[in-house]
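Single-letter residue listing:
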Amino acid sequence: MWPNFLVGQPDKPVRVLLIDDDACMRNVISQELLGDLRITLLAQGSSMHEGLRLISRYEFDVMLVDLRLRDGSGLELIEHMKTLRPMAEAVVISAMEDEEHALRAFELGAKGYLVKNSWFVNFPQAVLQVVNGGASITPNLARRLLHRLDHTQEAGHHRAVELNDKLSDREKDVLKMVASGYTSSEIGLRLMISCQTVNTHIKHIYYKLRVHTRAQAVNFAAHCGLL
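Reference entry: report on the structure contained in this document. (Residues numbered from 1 in each chain as written. Predicted model: local features only at pLDDT ≥ 70, side-chain atom pairs only at ≥ 80, totals over all residues. Heavy atoms only, no water.)

Here we look at the overall build of the protein chain
And then number 1: Helix and strand counts for the protein chain stand at ten helices and eight strands.
And then number 2: With an accessible surface of roughly 12900 Å², the protein chain has 53% of that area assigned to carbon and sulfur atoms. (Helix = DSSP H or I, 4+ residues; strand = E, 2+ residues; numbered from the N terminus. Areas by Shrake-Rupley, 256 points an atom, 1.4 Å probe, with all protein chains shown as cover.)

So, in structure tokens, the structure goes:
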């Protein structure tokens, strides 16, 4: 039973656009969508040009879009859709199962990434998930993204340890005071060193953290867990 408080009811179905230049795949997807009373397929397109026209013409809730279109990129369509129809959701349908394309699509506002020909793909379910505040990602790709996130966090930790080792104890003290909002003069008084010496320490901190301002130094240090 489908709860009546969720978006997507037979009397008010989710409105969908489908953009894919693969006619066979488009037929498979459309048949699945048409078989679900909670969804209405408003229109289909096979190119970026048609996608732009359909986005402008229809009021819709979800756009299913392939990334590789014969006259452009589905990423451009997502970006255009989010500008013209900011409340609509985008779900990528693609043969490309790589993290870079997925991350770029998510950056542009997509809430789903489905890999074609995956045993786990359910297009109606993906549509209903995103309109109800969720996301839909093919399991294998989701696992790879999580694995990549783990490595990114591990690399960030190693970077933080490396930087922590590079900063001298005095530089760490100065950085903490900068983060607390103290001026160079105030830091000098508290540490009993000259204002010029404080500024020299700050320059060394900039060099080691590869930043150019106090705000950047504090933000970077906080992000790396140095504060």
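Here the narrative resumes.
Here we look at the packing of aromatic side chains
And then number 1: On inspection of all chains with the given rule, the structure shows zero aromatic pairs.
And then number 2: Above the plane of the ring of Trp2 lies Arg38, whose end atom (NZ or CZ) is 4.6 Å from the centre. (Phe/Tyr/Trp six-rings, centres within 6.5 Å; stacked < 30°, edge-to-face > 60°. Lys NZ or Arg CZ within 6 Å of the ring centre and 35° of its normal.)

Thoughts on the side chain of Asp36
And then number 1: Counting through the fold element by element, Asp36 comes out in the loop between α1 (23–34) and β2 (39–45).
And then number 2: What makes Asp36 buried here is its relative accessible area of 11%.
And then number 3: Among the polar contacts listed, one links the side chain of Asp36 to the side chain of Arg38, at a separation of 2.7 Å.
And then number 4: Among residues more than four places away in sequence, those in contact with Asp36 are Pro124 and Leu128. (Buried < 20%, exposed > 50% of the residue type's maximum accessible area, 1.4 Å probe, protein only. Polar contact = N/O pair within 3.5 Å; in protein donor to acceptor, adjacent residues only side chain to side chain. Contact = heavy atoms within 4.5 Å.)

Focus: the packing of helix α7 (residues 169–179) against helix α9 (residues 195–209)
And then number 1: Relative orientation of the contacting elements α7 and α9 amounts to 95 degrees, with a least axis distance of 9 Å. When the interaxial angle is binned, α7 and α9 end up roughly perpendicular. From α7, Arg170, Glu171, Val174, Leu175 and Val178 reach across to α9, where they touch Val198, His201, Ile202, His204, Ile205, Lys208 and Leu209.
And then number 2: For the contact of α7 with α9, the per-class residue count stands at seven nonpolar, two polar and three charged. (Axes fitted to C-alpha atoms, helices over the stretch in contact; angles between N-to-C directions. Parallel < 35°, antiparallel > 145°, perpendicular 65-115°, else oblique. Nonpolar A, V, L, I, M, F, W, Y, C, P; charged D, E, K, R; others polar.)

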